[in-house]
Amino acid sequence: MVNVDYRHKGRHVDVQLGHHIELDVAVLAADVWAYVDSHIQRTFPQGDAKRALEFWRQAERFASNLRSERYEASPLHLYYMILNATKALLVLRKLAPPVVVTRAAVATDDFSSHGIASLPSPRPNGQLPGSVKPKKNGVYSLLAKAMNDKLKSSYSLEELVSSVVCVHRAYCTTRKTAEKFIPVSGPFRLKQLNGNAKVFFEAWLPKHVQVNSVSGAMPEGLECGAYPTKATKGEPKPYIRQKGRRPTAILRDTKQLGVWHAKLRRSVHVIASQNGPSYYVCRSDTSPTDLSQLSLNFAVAFALSSLARYHPDTLQEVLTGKDGWVIKEYLCATPQQFVALIAAEITGRIIQRPYSDLR
């Protein structure tokens, strides 16, 4: 029997951009920055809101500069946009250190440290140059804590870029390498059987992806198969779904629902677009780096900004070489994608631009 959509107040419930799920999520906003600004003012305590807005509004300023910068300079503005937007999130999650009021406190202020170091190196076998090393303290370590990421001692820029979902196709096209993500057709949606009190998330595989080509690549907690022809009144319909099902009571338990959804989001990544989110499942046989997309993009942007600041000759070599398209795609796509993801973390909502916005 094909599963039916579960509806909350008449609306579908889909896997969301943020890890902290909310059931009422649809928002149309031509200016995401302004909506999040308003949400912070309306939702959070005055002290937290004031401090977070200082970082959020500064992040917006860096984002506005990206529109006019050349590729050689845009890594700097991109990184500081990401850094300050991240600080806003950390303040609102109450993971930020207290405001520094004495000079002696500066040394222990995690907001004074990026929390990550760049390690430039030659380009081994034509790979992207350099690597990054997370530190025990600083903004990056706090972001990893917020996103429940378990950090390694270091990451090469190559492995980080290859795991950023919004440029993954460009990376694979350039490298002619195996893909790390399985595309999903349509939304990853909350389902239940007719008359059954248990729910789970499920999505369809696109027609060009065969079940037998991905069945051995399912990450932990997911499975794939196909509903028989008789049930679908046509061709067999291939699916990817959660193995375990949860009682509908979980939908009324905010904490349990958040944990359940966040666990699924470790294996399901999202690209934001005006038509709605696009979903991708991590392959287990050629798995991407096990970091949230927020942490991935923070690290990549930091590495590229370090090249721009200290090794502009190396950055120029990358931009004009065979990897140039991938890095340019990253610099073009990431501002909108990162803002969509972190806005979802802050507000608990999927924020889409309305079709009436013709800019």
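Structure: above.
Presented here is an overview of the structure given in this document. (Residues numbered from 1 in each chain as written. Predicted model: local features only at pLDDT ≥ 70, side-chain atom pairs only at ≥ 80, totals over all residues. Heavy atoms only, no water.)

**Looking at the overall build of the protein chain**
Applied cut-off: Helical segments are the DSSP runs of H or I of at least four residues, strand segments are the runs of E of at least two, and each set is numbered from the N terminus. Every radius of gyration here is taken over C-alpha atoms, with the globule rule written as 2.2 Å times N^0.38, N being the number of residues. Three exposure classes are used, based on accessible area relative to the maximum for each residue type with a 1.4 Å probe and protein chains only: buried under 20%, partly exposed in between, and exposed over 50%. Note on definitions: a residue-residue contact is assigned when non-hydrogen atoms from the two residues lie within 4.5 Å.
Along the backbone of the protein chain there are 12 helices and 16 strands. The C-alpha radius of gyration of the protein chain comes to 21 Å, within 12% of the 21 Å expected for a compact globule of 359 residues. Expressed as a percentage of the 359 residues in the protein chain, the buried residues total 52%. Taking all contacts inside the protein chain whose residues are at least 6 apart in sequence as the whole, residues at least 24 apart take part in 70%.

**Focus on the state of the cysteines**
To keep it simple, the criterion reads: We call a pair of cysteine sulfur atoms a disulfide when they lie within 2.5 Å.
Per the stated rule, a full pass over the model turns up 0 disulfides. In this structure Cys172 is a free cysteine whose sulfur lies 13 Å from that of Cys166, the closest cysteine sulfur available.

**Some points on the side chain of Ser306**
Relative to the elements of secondary structure, Ser306 occurs in helix H10 (residues 293–310). Once residues lying within four places of it in the same chain are set aside, the contact partners of Ser306 are Ser118 and His311.

**A short note on the sheet that holds strand E15 (residues 278–282)**
The following threshold applies: Strand pairing requires that DSSP identify at least two bridges connecting the strands. An axis is simply a line fitted to the C-alpha atoms; with a helix, the fit covers only the stretch in contact. Between two such axes, the angle follows the N-to-C directions and lies from 0 to 180 degrees.
The antiparallel open sheet is built from 3 strands, whose spatial order is E8-E15-E14. The strands lining the two open edges of the sheet, one partner per strand, are strand E8 (181–183) and strand E14 (268–271). Direction aside, neighbouring strands of the sheet carry axes that sit 35 degrees apart on average. Direction of pairing for E14 relative to E15: antiparallel, over a ladder of 4 bridges. Its bridge partner being in E15, His269 is matched across the sheet by Tyr280.

**As for empty space enclosed by the protein**
Basically, it comes down to this: Cavity and pocket criteria rest on a 1 Å grid covering protein atoms alone: a 1.4 Å probe that fits but cannot get out defines a cavity, protein on both sides within 12 Å along at least 5 of 7 lines defines an open pocket, and an atom within 4 Å of a point defines a lining residue. Grid points are joined across faces, edges and corners, and a volume is the space filled by probe spheres set on the points. Each residue is assigned to one class: nonpolar for Ala, Val, Leu, Ile, Met, Phe, Trp, Tyr, Cys and Pro, charged for Asp, Glu, Lys and Arg, and polar for all the others, Gly among them.
Using the criterion set out here, one finds 3 cavities of 30 Å³ or more in the structure. Considered as a void within the structure, the largest cavity measures approximately 60 Å³ in volume. Around the largest cavity sit Leu17, His19, Met147, Arg265, His269, Ser292, Gln293, Leu294, Leu341 and Glu345, which together line it. Secondary-structure elements contributing two or more residues to the lining of the largest cavity are H10 and helix H12 (324–347). Classifying every residue of the lining of the largest cavity by side-chain character gives 4 nonpolar, 4 polar and 2 charged. The computed volume of the second largest cavity comes to approximately 40 Å³. In terms of lining, the second largest cavity is formed by Val165, Cys166, Val270, Ile271, Gln293, Asn297, Gln337 and Leu341. Across the lining of the second largest cavity, the residue classes break down as 5 nonpolar, 3 polar and no charged.

**Topic: the environment of Glu345**
Along the chain, Glu345 falls in helix H12. Considered as a pair, Glu345 and Arg93 are 252 residues apart in the sequence and their alpha carbons are 9.7 Å apart.

**As for the packing of helix H1 (residues 32–43) against H12**
Put simply, the rule reads: Convention used here: angles under 35 degrees read as roughly parallel, angles over 145 as roughly antiparallel, angles from 65 to 115 as roughly perpendicular, and any remaining angle as oblique. If you view the pair so one helix is near and one far, a crossing is left-handed when the near helix is turned anticlockwise from the far one by less than a right angle, and right-handed when it is turned clockwise.
Close contact between H1 and H12 brings their axes to 10 Å; oriented N to C, the two are set at 15 degrees. By the criterion of interaxial angle, the relationship of H1 to H12 is roughly parallel. Between H1 and H12 lies a crossing whose hand is left-handed. Every residue of H12 that contacts H1 at Val32, Trp33, Tyr35, Val36, His39 and Ile40 is listed here: Val339, Ala343, Ile346 and Thr347. A per-class count over the contact of H1 with H12 returns 8 nonpolar, 2 polar and no charged.

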